[in-house]
Each structure stands twice: as C-alpha cells, then as structure tokens.
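# Chain and residue survey
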Amino acid sequence: MAANTSSIDLSNFLPSYSPNQSGLIVNSEIPTVFNPSENYIEYTVIGVKNNTNFTSYNYTAYLTPDNTIINTGSLSTIDIDAERDLISRGYNQGSYDVIYKFLNNELNSSPYSSYYIKSISSDRTEISIATNNINNQVLESLYNTFSSELNSQIYFQDFYLNFGNNQLVIANNILINKDNTQYELLINLYQPLPSNLDLNTTLWIVTQVANPIGINVTFPITVVTPSDLTTPLKGPNFNLKASDQTGISSADHIDLNQLLLSSSITTQYSQLQSILQEKSIDINIDYTDFANFVHFSSAYSRLNNFYYKVSIIEDASSSLSNINSYAYTNSSSYSSGSKAYYTNIINNTITNFDGYEYFLYFTSGSWAWPKSNTEEPYILYPTTSSQVINWFTNILESASIYDNLNQDYLYYTIPTYLRDDSRNDQYNIFLNLIGQFFDNIWIYYKDVTELYNADNRLDFGVSKDLVANALKNFGITLYQNNFSSEDLYAAFLGYTSSLSPTTSSLPVIANSGQEYISNYITASYDASVVPLDDVNKEIYKRLYHNLPYLLKTKGTIPGLRALINCFGIPDTILRISEFGGRDKDTSTYDYFDQKYNYEYLANGVNYVTSSFTLNSSWGANNNRPECIQFRIKPGELPTTNIPYSQSILILNTASSDISALVLRYTGSGYTSASYLGSTYSASYQYANLEFIPRIGSLLVYIYLFMMKDGGL
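Now for a description of the structure that goes with this document. (Residues numbered from 1 in each chain as written. Predicted model: local features only at pLDDT ≥ 70, side-chain atom pairs only at ≥ 80, totals over all residues. Heavy atoms only, no water.)

A few words on the overall build of the protein. When helices and strands are counted, the protein shows 18 helices and 18 strands. Relative to its full complement of 712 residues, the protein shows a buried share of 33%. Partitioning the intrachain contacts of the protein with sequence separation of at least 6 by distance along the chain shows that 64% fall at a separation of at least 24. Per element, the accessible surface of the protein, about 45700 Å² overall, is 53% carbon and sulfur. (Helix = DSSP H or I, 4+ residues; strand = E, 2+ residues; numbered from the N terminus. Buried < 20%, exposed > 50% of the residue type's maximum accessible area, 1.4 Å probe, protein only. Contact = heavy atoms within 4.5 Å. Areas by Shrake-Rupley, 256 points an atom, 1.4 Å probe, with all protein chains shown as cover.)

Given below as structure tokens:
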C-alpha cells in the first residue's frame, strides 16, 4: 500500500520573520534556476518528537525532465519523490517529515571548510566569526565580492548561518574587521543566537536559491494476522547429529599397494583403474540398443575400434605369457623391462575404455563380447575363436543397419561426391571421432530428463551417482555407509583382489575357526556378488523412490516400516512396537506384536550342518554360551519302512566324543507282527526323545520326554 504524503508548515523547523514584520515586507515572485555545479540540496529527515534522524548535504536523487533545461547546467524544474527517498534509506514504517533546502555556499565556506564563532555580544544578536582555512587577503576579497552581490540586488537578500542538522540562523548584515591580526567577519542576526550555540561552534554561510520544500510521509500500519495460532506437532528431526554420521575407518593404515596393487589379475587391476579414473557421472545407459548411446557417430566404427583394442590386449597378454614361461637367468633386466612394457599396454588400453567398451569387455550377455566362463571375473574368448567370429559378424550387421537408418549420423552431412571418394577415408574416420565426442555430450543432455525419475532399480531412472545429491536437494540428511575400505576390489567390483577366475567370489576368512556363510541364498536375477558401492547406492535409490510416501507417513508405524524395508530388514528381524496411549475400555496399554515361525523340512537324509570352535578364552572370561535352543516337530511316520530312530542333533566335540539327540520309536506295534503286515498297532507312533552323551568310553542314556502323533 502506498504511503500518504502532505505538505507541512516549515516555520516549525526553519527560521522565519515574525508575522508583524512579515506584513512590512513586500513579497514578490522571482524566477530562479538550480545549477547542480554551483548549488546543492540539503536533505533532512525528521522523525518522532521533531528529532532529526538524518541529514544529507549532497542530495542528488532527484529527476530532471528534459524540457526543464533553460541554459547550460541550469534547471528550472526538478522532480522529487519523498516516499522513494525514505524507503531507500530504510524508513518504511511510521510518520516522517522531510525537508529539501536549495542552498548555495558563500565566502568559500562549506560543511567541510567551516568558520567558527569567535565572540558573542551580550544580547546575542551580534557575533564575530573567523576561519583558519583562509588568509586575510583572500578573506577580504571574498567579503568584497559577497557584499557587492548583496547590495547589487534589486531586492534585499538574506543570508543564513548554517550550523548543520537543519539548524539555520537568519543574518541581516555583514562587515569585515581588520583591526586584529586575524581578520574577522562581524554579523548582525535577525534574532538572538540560540542558547545551544556557543563560542567555537562551527558554521558555514549559505544563501537560498529557492524556497525550501517540506513534506510529511506516513506509511500505513501493516497488521499481520497469523493464519493458524495453534502449535503443530513437530515431525522427525532429520538433522539430528549422530555419532555414526561418518563411515568407520579401517583398523590399520593402508597404502596404495594394499588398496590397488594387491590383485594377481592384470585385467582386474585395470578394470578398477578405469572406474577410479572416470571423472564424469555414471549415466544409466542400456547398451543393448544402439539408439541409447550412438547418435552422431557410427556404431559400426565403434565396434571395429573395440575389436582392434581387444586384439592389442590379446597380443600383449600373449607376449607377457611367453615372457613368464621362460626363465631369463642372464638377462633379468631385459625380462623386467619387457614385462613392464606389455603390462602398460594392457593397463592403458583398458583404463581408457569408454562406457560402451567397458560394457563389452567386462559384462556378460548376448550383446557383450563372448566369455568362456559364467562368473566374474569373466574370461574373454580369443578374437580367432568361432564364438567371437559369429558374434562379431552378427553384431556388425546390426550396427551397419542402424547406421544406414540413423539420419543424425554426421556422415550424412558430407556431400555425396566426397563420401564416394576413397581419398577422403581419413576424413570420414575423423568425422566419426568427432561424432563420438558429441555423442558423449548428447548422452548427458538426454539424461537431464531422468533426474526426477524415481526408479528404484539401480541402472534405471536417475543416475546412481546423482541420487544422493537428489535426496539432499529435498532436505534429506544422508550418512556415509559403514563398509570398510580395506578392499577397493570388493567395493567397486564385487569380489576380492586375490581371486583367480575359477575361485569363488566369497570373502576370504583370515582367521580359521570362525563361523561364516559358505553359500549365498538370493532371489536376484544375477548370481554374482554386487559391489558394496552399488549396495550403498541401491539403498539411496530405494529411499528416493519411496520419498513421497516416507515424508507423508513420517512418525508412523507404516512410515518406519517402509524406511526399514528400504534397507532390506524384514519385520521378523526388527519388530516395531507402539506405546503411548491407554485403551478407552480397559486399563491396559495398547501393544501389538507379530510372531512368525519358520521351519526347515528335512526328508530322507537331508540335514543342516554348522561348525564352530570353542575358544579357550570363553571359560576364562565366563562368557561362553549357556545353551543352544531349537524346536522340532516330527511329522507323520510312514506305514512301511518305519525307521528305528531319527537323529535330531549330533555334536562332534572330538574324534571319540560324539553326543546325539535322537527319537527312538518303541511301543507294542514296534515288535508286533502286524508292524510288517497289513495291520499295525495304534501305538506304533510312540517314541522316546533321548539325549545320548558319550564321554570317552562312557555311554549315558537320558530320557527327556515322550512324544506322540508329532506332538511334544
């Protein structure tokens, strides 16, 4: 809302003649002009209780219409916006009086070159002023010029003594006193000098160019009405500082050799180097379709280039194998240098693979280079094998068809007579290289539309390298994973650095006697181990995919359950219990619990084994396990070929100490002839549950309890 403006009476702020004397003075309008090079505007803001808040002695925020210039540098009209001037200086609330005074400095005085009061008469209507900035001769000359200007006017012109802060005093006459060593100016005042002004008070002498302007500006009072005065319940604090906000560092210091150079497989080391040297974002690209990554270049040429690179790697690997198969006893330095030469060829070629070449070399599938094994790290078939020849022939045909149909291929920008000339083949190759360069840029421009595609799959939707930043942009605080950095191969490739192509991809257990998982059970379509870095980013993808639901249900059991499920933790492992309210009908607290029972069905000779070593320190520290608990549920016995007993648990503590928990079937039907015939006793399913501990040569039978019909 605009402020209210109105004119004010300046007699309350500036000196003026009394009403009786004003009637004796003949008033007339005299046109004047404002020359910015000689005159200036003094701007004053007066606030509550007529206190001066601000004074500027060089106000220039006025507007100058083009038609107001009457001669060089002189203006007859200027526009002033009092509201704008106040707002620009931070005054936007309340009521203010602003005064604009159009003045001209006289006698070479200014706010920065002032005079001072040297003496005051007893009635305070006469004062003498002096200055230390001007010598006597110059002061006399200035006085003569100023006195002539006052006397030459056809009207009487007052002048003023300006003491600053909007305090002016009317002066009527001026004389120069040359009797003293320092010349003085004697000034007669219209009214006695105000009591707040005394000896040595500084001042400067001014004349008015035009009448001053006074404006009152009142800003309207803005009433802010809160839309909701209630206090809402606060949501979860995602910015809570946690001690595990950073990852757990490795126990020991690790050097570069331990992190990178510990692999026994050359291509595995090069694969890791290729990942670490990639400076760009890993864009999700489906390399089974040329349209996803070939736009300006040639798919046919890129496949031929890759075939050439594999041939280089194959030749270098063959030379390296030949060197390793011979013992150069008298030329060890030659052997070492040759190994380094061929190793660098392999490493540099693999390290500089682009995304498509990395896919062809290190992945398995019908669109990738044929591999001779089914588990990582894969072994490539040689270039001369029938598998590679058949695959390469088929995929080259598909690439050629795609290039012919791709109208964005830069090859088609060349005139036909240049394309058909074989002497331009080098230019065509160069154009394909330029096309591949622009393809890399085009891929990133195309992927911008995938930024908010919240696909929970790792290789679809928003890039896995950007999903963490996308979550942070929505105000979600992320924490580093707690995976150890002891093995970069496991982090980025999914298998340890000591693997050979025929070994398992399971982690190597350093200390014997520990219990560890020897087989993975997974519902994943890929049987290989997922790199730990992808495990962490897959969790981020799940959070990003479910973010709207997580934010909508935060603080509730469904929201917490959804968050836990994003980390792959089922309800049977981490249960959620809710407390905090009483039932209206009873005095008990609400409590909800889900219980699940899973069983392993063993038929015939099937069994489950688990091995562990009892540490000798368990007994010393009194922290050994107290018991092992499990439940069994025997099923219905068959009517024929009934076993005499069933082994429930067998403990092999030593070669001669074997204890067992068995079900031994007894009853009248066990010894009856009907047990082998068409009829049998109704008690044939009775059995005793026995624990048989064997300690050395001592055999003890302990009858625990009876079982019938599968019940305990």
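So, about the nonpolar core. Ranked by size, the top nonpolar core spans 32 residues in total, and within it F290, F293, L303, Y356 and Y361 carry the most contacts. Secondary structure elements with two or more residues in this core: α6 (299-325), α7 (332-351), α8 (355-362), α9 (386-405) and α11 (425-447). Excluding residues within four positions of it along the chain, Y356 makes contact with Y287, F290, F293, R302, L303 and I395. Judged by nonpolar contacts, the second largest core, of 25 residues, contains Y115, I127, F146 and F163. (Core = buried A, V, L, I, M, F, W, Y, C linked by side-chain atoms within 4.5 Å.)

To continue, consider the environment of F293. With respect to the helices and strands, the residue F293 is situated in the loop between α5 (266-276) and α6. Note: C-alpha distance between F293 and D439 (146 residues apart in sequence) is 6.7 Å. Look past the residues within four positions of F293 in its chain and what remains in contact with it is I285, D286, Y287, R302, Y356, D439, W442 and I443.

Turning next to the pairing of strand β8 (residues 126-130). Both faces of the sheet carry side chains from a regular strand, because those side chains alternate between them. Of all 5 residues that make up β8, 4 are buried, and the element is covered over most of its length. Looking at chain direction, strand β7 (residues 115-120) and β8 are connected through 4 bridges and run antiparallel. Bridge assignment links Y116 to a residue of β8, and that residue is A130. Counting the residues that bridge the hairpin from β7 to β8 gives 5 residues, and of these R124 lies at a positive phi of roughly 60°. Relative to strand β11 (residues 184-189), β8 runs antiparallel, the two being bridged by 4 bridges. Bridge assignment links I127 to a residue of β11, and that residue is I187. (Pairing = 2+ DSSP bridges.)

We now examine a nonpolar patch on the surface. Together, F437, F438, I441 and Y445 give the surface a local cluster of nonpolar side chains, amounting to about 440 Å² of exposed area. Positionally, Y445 belongs in helix α11. (Patch = residues over 30% accessible without salt bridge, like charges linked within 9 Å, V, L, I, M, F, W, Y side chains within 5 Å. Salt bridge = Lys/Arg side-chain N within 4 Å of Asp/Glu carboxyl O.)

Note that strand β10 (residues 168-177) and β11 share 6 bridges and pair antiparallel. Its bridge partner being in β11, A171 is matched across the sheet by L189. Adjacent in sequence and paired antiparallel, β10 and β11 are bridged by 6 residues.

Take α8 next. Burial within α8 is extensive, with 6 of its 8 residues counted as buried. Y356, E357, F359, L360, Y361 and F362 are the residues of α8 that are buried. Where α8 begins, the capping side chain belongs to D354, and its oxygen is found 3.3 Å from the backbone nitrogen of Y356. (Polar contact = N/O pair within 3.5 Å; in protein donor to acceptor, adjacent residues only side chain to side chain.)

Two elements in contact, α6 and α9, have axes separated by 7 Å at closest approach and are oriented at 155°. Comparing the axis directions of α6 and α9 gives the class roughly antiparallel. When α6 is examined against α9, the residues A299, Y300, L303, N304 and Y307 are found in contact with a partner set consisting of V388, F392, I395, L396, A399, S400, Y402 and D403. In the contact of α6 with α9, the residues fall into 10 nonpolar, 2 polar and 1 charged. (Axes fitted to C-alpha atoms, helices over the stretch in contact; angles between N-to-C directions. Parallel < 35°, antiparallel > 145°, perpendicular 65-115°, else oblique. Nonpolar A, V, L, I, M, F, W, Y, C, P; charged D, E, K, R; others polar.)

For the pair α6 and α8, interaxial distance at closest approach is 11 Å and the crossing angle is 55°. The angle between the axes of α6 and α8 places the two elements in the oblique class. Our pair here, α6 against α8, has a crossing hand that is right-handed. Two secondary-structure elements touch here, α6 through R302, L303, F306, K309, V310 and I313 and α8 through Y356, E357, L360 and Y361. Partitioning the contact of α6 with α8 into residue classes produces 7 nonpolar, no polar and 3 charged. (Left-handed = near helix turned anticlockwise from the far one by under 90°.)

The backbone phi angle of L107 is positive, close to 55°, even though this residue is not glycine. Of note, L107 is situated in the loop between β6 (95-106) and β7. Taking relative accessible area as the criterion, L107 reaches 5% and is therefore assigned buried. Backbone geometry places N165, a non-glycine residue, at a positive phi of 55°. As for its position among the elements, N165 is in the loop between β9 (159-162) and β10.

In this fold, N162 is placed in strand β9. Residue N162 is classed as buried on the basis of its relative accessible area of 0%. Only 2.9 Å separates the side chain of N162 from the backbone nitrogen of G164, close enough to count as a polar contact.

If you check helix α14 (residues 532-545), its first and last C-alpha atoms are 20 Å apart, about what 14 residues at 1.5 Å a residue would give, namely 20 Å. Restricting attention to buried positions, one finds in α14 the residues D534, N536, K537, I539, Y540, K541, L543 and Y544. Looking at the packing, one finds that the buried side of α14 touches α12 (467-473), α15 (547-552) and α16 (557-566). (Expected span 1.5 Å × (residues − 1).)

Take the environment of N546 next. Examined against the element boundaries, N546 turns out to sit in the loop between α14 and α15. For N546 and C566, which are 20 residues apart along the polypeptide, the C-alpha to C-alpha distance reads 8.4 Å.

All told, the structure shown has 33 aromatic pairs when counted by the stated rule. Taken together, a centroid distance of 6.0 Å and an interplanar angle of 85° make the contact between F34 and Y62 edge-to-face. Residue F34 is found in the loop between α1 (19-22) and β2 (40-46), and its partner Y62 is found in the loop between β3 (52-56) and β4 (69-71); the two are separated by 28 residues along the sequence. For the pair F34 and Y62, one class covers both residues: buried. Between Y43 and Y59, the aromatic rings sit 5.3 Å apart at their centres with planes inclined by 25°, giving stacked as the arrangement. Separated by 16 residues along the polypeptide, Y43 in strand β2 and Y59 in the loop between β3 and β4 bring together distant segments of the chain. Accessibility expressed as a relative area gives 3% for Y59, which makes it buried. Taken together, F306, Y307, F353, Y358, Y361, F362, W369, W391 and F392 form an aromatic cluster joined through their ring pairs. (Phe/Tyr/Trp six-rings, centres within 6.5 Å; stacked < 30°, edge-to-face > 60°.)

Overall, the coordinates contain 12 salt bridges when judged by the stated rule. Here R84 and D85 are joined by a salt bridge, their closest N and O atoms 3.7 Å apart. By relative accessible area, which is 1% here, D85 ends up buried. Among the ionic pairs, D534 bridges to K464, the shortest N-O distance being 3.0 Å. In this pair, D534 is assigned in helix α14 and K464 in the loop between α11 and α12, connecting sequence segments 70 residues apart. Residue D534 is classed as buried on the basis of its relative accessible area, which comes to 14%. Salt bridges linked by common partners bring R302, D354 and D439 together as one network.

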